[in-house]
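Structural overview
Each chain, letter by letter, is given below.
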Protein chains: 2
Amino acid sequence: MLYIIGLGLADIEDITLKGLNAVRNSDLVYLEHYTSILGGGADYKNELEKFYGKEIILADRTMVEQNSDEIIDAAKDKTVSFLVVGDPFGATTHTDLVLRAVEKGIKYKVVHNASIMNAIGCCGLQLYNYGETISICFWSDAENWKPKSYFEKICENRSRGLHTLCLLDIKVKEKSLINLIKNRDIYEPPRFMSVAQASSQMVQIIQEARDYVMDEDDENLTEINLKKLVEANILTEDTLAVGLARVGKDDQTIRVDTIKNLADCDLGSPLHSMVIAGKLHPLEIDFLRLFYNGEAQVKFDDLVNSHNDFYVKK
Amino acid sequence: MLYIIGLGLADIEDITLKGLNAVRNSDLVYLEHYTSILGGGADYKNELEKFYGKEIILADRTMVEQNSDEIIDAAKDKTVSFLVVGDPFGATTHTDLVLRAVEKGIKYKVVHNASIMNAIGCCGLQLYNYGETISICFWSDAENWKPKSYFEKICENRSRGLHTLCLLDIKVKEKSLINLIKNRDIYEPPRFMSVAQASSQMVQIIQEARDYVMDEDDENLTEINLKKLVEANILTEDTLAVGLARVGKDDQTIRVDTIKNLADCDLGSPLHSMVIAGKLHPLEIDFLRLFYNGEAQVKFDDLVNSHNDFYVKK
């Protein structure tokens, strides 16, 4: 039997009783620790082991994506728990694990838990007003890697009045390009994208798009499209956004401001997430107000009015 | 202190340890029981009380939406837990409760849990491929109440290749129109929309739209738009969908088929949910295959090909 157990978002006590019972009855316990981390700390293996009274095997990307047979085959005769931060179906790789277990005739059970996909509701923007979720990844100058297709997706959501949850990049046990090429098992220190970094990246996209000069026979459709979106004010530095840090923990921090201002904020230790607001409804505005740190509430009203102006004009 | 605690989806043991500790340390425990129910059973108050070792006060819509001061004021000097099936921020009304608590200077803490918004991942359609979530409510001939604006939202999602989570109506402790008008405290038996009912409703919209005859100076924009959407094959009886019943419970049931065929399925006791598929990716197709009950897998491949055909042609 293979249990895939969500650990929730923040603390050891976020596991459900169902999940804890399964872990305590397991012969082997794996912990996936590269798509997310629990509560921002990197060294919680010991803590978890004490709490569960079980030894834990850390499962990195290589083990889960390439050597998953070890986990699945063990589940033929033994009870195996595979622990995942958040909910088990938050990442493609866990879906794949389940699928391969089924193919081998292994029974599986899923124990659900909170993930950022629903806990994001804590900022007061209603879950049914969200569009497609996007991911923002670290850019790398060295590798000339600057994906920005997410920008158009945020714009599509905003055009429909919808909010966008932005999942921010996590790099745990990753190799640098050079170490990857040379096949060396040397890992970079873990990195977690902050709300400030994500916001800065967006501001950069916006500014570059605005400055972009089109040629007469320009065929760079991506750049042309970005320029159009920015010039149509669908997404600008002044669009309202929500920065969230450590959702579910006692020191959870939420900040509402323009993307431009969030580029300068410091929300502290990871994990961070971000929401780009779509059309704001009265209850949502009242809730966001709780998280606005500006000088006066008058300023917040101005920000909201200018933010929602886009929808009035449409 | 006011704790808003998510109970998860299915069983009593789906509460987190953090949530259980908060309940056991509370002076008063309220259970919201009209936006969702735990595990399909209606009579779980006693079971919960035994499990928690606490008396539970059932909070119906009237109490939460109109008499919430009772709950909030109690939290001034006492520790109050407010229990919600799923995650606390799944429904507008809970956001409102938090807001009113903050306005009165009451401290609050949220204990997150799984909700259908993320647990829906169990059908294998990746969460980041979902668009806006929609709600399908019971139609009432008597009251001439047949909202179908959700149909256009599903079409917008599908045009972008996105899946749509459909939340199906729940009527708990509702009054009939006549009892509402006469202000009589007589309640209808609880009703939970099934996947078959939701699918039938969609088939009806599709057929009526196809049969709709436009006049030359027709100004019924809604009907005209529906007709266009159906004739463009954006959403038809043959679109693939997923019906889910009792997500997270041991007898969880998932069925993949065309909307037309789901209109005839019986997935058993509540709660039910449904997903209208957008563009299907290889891993998603492999996973959906597990839940297809058709005669032969060949037929499933045909269904998927014809479903994805829409995106190839685009």
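Looking at an unreviewed UniProt entry, one finds chain A named diphthine methyl ester synthase and attributed to Brachionus calyciflorus. According to UniProt, the comment filed for chain A under the heading Sequence similarities (unreviewed entry) is "Belongs to the diphthine synthase family." We quote the UniProt Function (unreviewed entry) comment for chain A here in full: "S-adenosyl-L-methionine-dependent methyltransferase that catalyzes four methylations of the modified target histidine residue in translation elongation factor 2 (EF-2), to form an intermediate called diphthine methyl ester. The four successive methylation reactions represent the second step of diphthamide biosynthesis."

**Digging into the sheet that holds strand 11 (residues 253–258) of chain B**
All names here are of chain B. Taken together, the 5 strands give an open sheet; going across it, the order is 6-7-12-10-11, and neighbouring strands pair in mixed fashion. Of all the strands in the sheet, just strand 6 (134–136) and strand 11 have a single pairing partner and so form its edges. If you compare each strand with its neighbour and ignore which way they point, the axes differ by 25 degrees on average. Summarising the sheet, strand 10 (residues 240–245) and strand 11 pair through 6 bridges and their orientation is antiparallel. Along strand 11, the bridge assignment pairs L240 with T258. With respect to the sheet, helix 7 (residues 150–159) is in contact with strand 6, strand 7 (164–168) and strand 12 (272–276), its orientation differing from that of strand 6 by roughly 140 degrees.

**Re the domain arrangement of chain A**
Residue and element names in this part refer to chain A. Taken as a whole, chain A is organised into domain 1 (2–114) and domain 2 (117–313). For domain 1 versus domain 2, the separation of C-alpha centres amounts to 30 Å. Between domain 1 and domain 2, the contact holds 13 residues from the first and 12 residues from the second. Summed over both sides, the interface between domain 1 and domain 2 buries roughly 1000 Å², with carbon and sulfur atoms accounting for 57% of that surface.

**With respect to the sheet that holds strand 2 (residues 28–32) of chain B**
Residue and element names in this part refer to chain B. Ordered in space as 3-2-4-1-5, the 5 strands form an open sheet in which the pairing is parallel. Looking at the sheet topology across the chains shown, the edges are occupied by strand 3 (57–59) and strand 5 (108–111). Strand-to-strand twist across the sheet, computed as the mean angle between neighbouring axes with direction ignored, equals 20 degrees. Sheet topology places strand 2 next to strand 3; 3 bridges connect them, and they run parallel. Each residue of the ladder has a partner; that of L31, found in strand 3, is L58. The strands touched by helix 1 (residues 17–24) within the sheet are strand 1 (2–6), strand 2, strand 4 (80–84) and strand 5, with strand 1 carrying the most contacts at an inclination of about 140 degrees.

**Overview of the UniProt feature "binding site: S-adenosyl-L-methionine" (unreviewed entry) in chain A**
Here, the residues flagged by UniProt with the feature "binding site: S-adenosyl-L-methionine" (unreviewed entry) are L9, D87, G90, S115, I116, L168, V247 and H272 of chain A. Considering the arrangement of structural elements, one finds L168 of chain A in strand 7 (residues 164–168). Discounting residues that sit within four places of it in the chain, L168 of chain A has contacts with I136, M193, S194, V195, A198, H272, S273 and M274 of chain A. Structurally, the position occupied by V247 of chain A is in the loop between strand 10 (240–245) and strand 11 (253–258). If we ignore the near neighbours within four places in the chain, the residues touching V247 of chain A are L9, A10, I116, A119, C122 and Q252 of chain A together with H112 of chain B.

**Topic: the relation of the copies chain B and chain A**
With an RMSD of 0.0 Å, the operation that places chain B on chain A is a rotation of 180 degrees combined with a shift of 0.0 Å along the axis. The transformation just described matches what one would write down for a two-fold rotation axis. In this assembly the copies share their binding face: 100% of the residues contributing to the interface of chain B also contribute to that of chain A.

**Quick word on the nonpolar core**
Of all hydrophobic cores here, the largest spans 102 residues; its most connected members are F82 of chain A together with F82 of chain B. Beyond its immediate stretch of four places on either side in the chain, F82 of chain A contacts L2, Y3, I4, I5, Y30, E32, A59, V64, I71, H94 and L97 of chain A. Within the second largest apolar cluster, 38 residues are counted, among which are Y3 and Y52 of chain A together with L17 and V23 of chain B.

**Section: the packing of aromatic side chains**
Residue and element names in this part refer to chain A. Within this structure, the stated rule accounts for 10 aromatic pairs over all chains. Here the aromatic rings of Y292 and F300 are separated by 5.3 Å at their centres, their planes lie at 40 degrees, and the arrangement is tilted. On the accessibility criterion, Y292 (6% relative accessible area) is buried. Across from the ring centre of F138, 4.2 Å away, lies the NZ or CZ of R191, which sits over that ring.

**A closer look at a nonpolar patch on the surface**
Residue and element names in this part refer to chain A. On the surface, L177, L180 and I181 cluster together into a nonpolar patch covering about 310 Å² of accessible area. Note on placement: L180 falls in helix 8 (residues 177–181). A relative accessible area of 53% means that L180 is categorised as exposed.

**Observations regarding unusual backbone geometry**
In this model, P270 of chain A is joined to L271 of chain A through a cis peptide bond whose omega is -5 degrees. Relative to the helices and strands, L271 of chain A is located in the loop between helix 11 (259–262) and strand 12 (272–276). One non-glycine residue with positive phi stands out, namely N233 of chain B, at about 60 degrees. Inspection of the secondary structure puts N233 of chain B in the loop between helix 10 (221–231) and strand 10. When its relative accessible area of 48% is taken as the criterion, N233 of chain B is described as partly exposed. Even without being glycine, R246 of chain B reaches a positive phi, approximately 55 degrees.

**Some words on the pattern of salt bridges**
Within the structure shown, the criterion is met by 42 salt bridges over all chains. A salt bridge links K104 of chain B to D69 of chain B, with the nearest nitrogen and oxygen atoms 3.5 Å apart. Here the residue K104 of chain B occupies a position in the loop between helix 5 (92–103) and strand 5, and D69 of chain B occupies one in helix 4 (residues 68–77), the gap between them amounting to 35 residues. Residues joined by salt bridges that share partners form a network here, namely D11, D14 and K249 of chain A together with K18 of chain B.

The rules behind these values
- Residues numbered from 1 in each chain as written.
- Chains lettered and ligands numbered in written order.
- Predicted model: local features only at pLDDT ≥ 70, side-chain atom pairs only at ≥ 80, totals over all residues.
- Heavy atoms only, no water.
- UniProt positions renumbered as here; feature names shortened; annotations may be inferred.
- Pairing = 2+ DSSP bridges.
- Helix = DSSP H or I, 4+ residues; strand = E, 2+ residues; numbered from the N terminus.
- Axes fitted to C-alpha atoms, helices over the stretch in contact; angles between N-to-C directions.
- Contact = heavy atoms within 4.5 Å.
- Domains from an automatic or database assignment.
- Buried area = accessible area lost by both parts, 1.4 Å probe.
- Least-squares fit on C-alpha atoms with pLDDT ≥ 70 in both.
- Core = buried A, V, L, I, M, F, W, Y, C linked by side-chain atoms within 4.5 Å.
- Buried < 20%, exposed > 50% of the residue type's maximum accessible area, 1.4 Å probe, protein only.
- Phe/Tyr/Trp six-rings, centres within 6.5 Å; stacked < 30°, edge-to-face > 60°.
- Lys NZ or Arg CZ within 6 Å of the ring centre and 35° of its normal.
- Patch = residues over 30% accessible without salt bridge, like charges linked within 9 Å, V, L, I, M, F, W, Y side chains within 5 Å.
- Areas by Shrake-Rupley, 256 points an atom, 1.4 Å probe, with all protein chains shown as cover.
- Salt bridge = Lys/Arg side-chain N within 4 Å of Asp/Glu carboxyl O.

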